[in-house]
Amino acid sequence: VFIAFGIRNIMNREKAMKNFRSCLKKNGRLVVLELSTPGAPILKGLYFTYFKRLLPLIGRFFSKDRGAYSYLPDSVLRFPPSEEFAAVMRSAGFISIKWKKMTFGIVTLFVGHKNG
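Predicted, not measured: the structure shown is a model, and the values here were computed from it.

For the rest of this paragraph, the subject is the packing of helix 1 (residues 13–23) against helix 4 (residues 82–91). Where helix 1 contacts helix 4, the axes come no closer than 8 Å and their chain directions differ by 50 degrees. Comparing their axes, helix 4 and helix 1 come out oblique. Judged by the sense of rotation from one axis to the other, the crossing of helix 1 with helix 4 is right-handed. Side by side, helix 1 and helix 4 meet where Arg13, Glu14, Met17 and Lys18 of the first sit next to Phe85, Val88, Met89 and Ser91 of the second. Across the contact of helix 1 with helix 4, the residue classes tally to four nonpolar, one polar and three charged.

Tracing the backbone shows Met102 in strand 3 (residues 95–102). For the pair Met102 and Ala86, spaced 16 residues apart in sequence, the C-alpha separation works out to 16 Å. Dropping the residues within four chain positions of it, Met102 is found in contact with Leu33, Val107 and Leu109.

A word on the side chain of Ser36. Relative to the assigned elements, Ser36 resides in the loop between strand 2 (29–35) and helix 2 (41–63). A distance of 2.8 Å separates the side chain of Ser36 from the backbone oxygen of Gly105, its partner in a polar contact. Ignoring any residue separated from it by four or fewer positions in sequence, one finds Ser36 in contact with Tyr47, Val76, Lys101, Gly105, Ile106, Val107 and Thr108.

Next up on the list: the packing of aromatic side chains. Two measures describe an aromatic ring pair: the distance that separates the ring centres and the angle between the ring planes. The tally for this structure, following the rule as stated, stands at seven aromatic pairs. With 5.0 Å between their ring centres and 40 degrees between their planes, Phe79 and Phe85 make a pair best called tilted. A relative accessible area of 0% means that Phe85 is categorised as buried. For the ring pair Trp99 and Phe110, a centre distance of 6.4 Å and an interplane angle of 40 degrees mean the geometry is tilted. In this pair, Trp99 is assigned in strand 3 and Phe110 in strand 4 (residues 107–113), connecting sequence segments eleven residues apart. On the basis of relative accessible area, Phe110 is assigned to the buried category, the value being 1%. Taken together, the ring pairs connect Tyr47, Phe48, Tyr50 and Phe51 into an aromatic cluster. The ring of Phe48 carries the charged tip of Lys52 above its face, separated from the ring centre by 5.5 Å.

Conventions we followed
Residues numbered from 1 in each chain as written. Predicted model: local features only at pLDDT ≥ 70, side-chain atom pairs only at ≥ 80, totals over all residues. Heavy atoms only, no water. Axes fitted to C-alpha atoms, helices over the stretch in contact; angles between N-to-C directions. Helix = DSSP H or I, 4+ residues; strand = E, 2+ residues; numbered from the N terminus. Parallel < 35°, antiparallel > 145°, perpendicular 65-115°, else oblique. Left-handed = near helix turned anticlockwise from the far one by under 90°. Contact = heavy atoms within 4.5 Å. Nonpolar A, V, L, I, M, F, W, Y, C, P; charged D, E, K, R; others polar. Polar contact = N/O pair within 3.5 Å; in protein donor to acceptor, adjacent residues only side chain to side chain. Phe/Tyr/Trp six-rings, centres within 6.5 Å; stacked < 30°, edge-to-face > 60°. Buried < 20%, exposed > 50% of the residue type's maximum accessible area, 1.4 Å probe, protein only. Lys NZ or Arg CZ within 6 Å of the ring centre and 35° of its normal.

Everything listed here is a matter of geometry and, on its own, says nothing about what the molecule does.
Set out below in structure tokens:
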């Protein structure tokens, strides 16, 4: 099962992941690609400036909707840190959970396995 840039918008992530797990065959994998917050202080500052100030302005300009792209920074900032999200995957029954931060920590790839 693969989900990209969507798990942060699901209210009950553990329940969703349990459903994903039930769809998998033995030794299947759940792969989650999600936006995350960079850890480096300088990059984090630039990222927040872009995400909280510039992106909503750009979204408003092109869509003519005042709320356009305002939800995106909020949903990313509410997404749990990697260790916490991995714990949710573990609670849903996944094992051998690993994650890799990519693009300077702006996205994270999570992989969990179904055992038997």
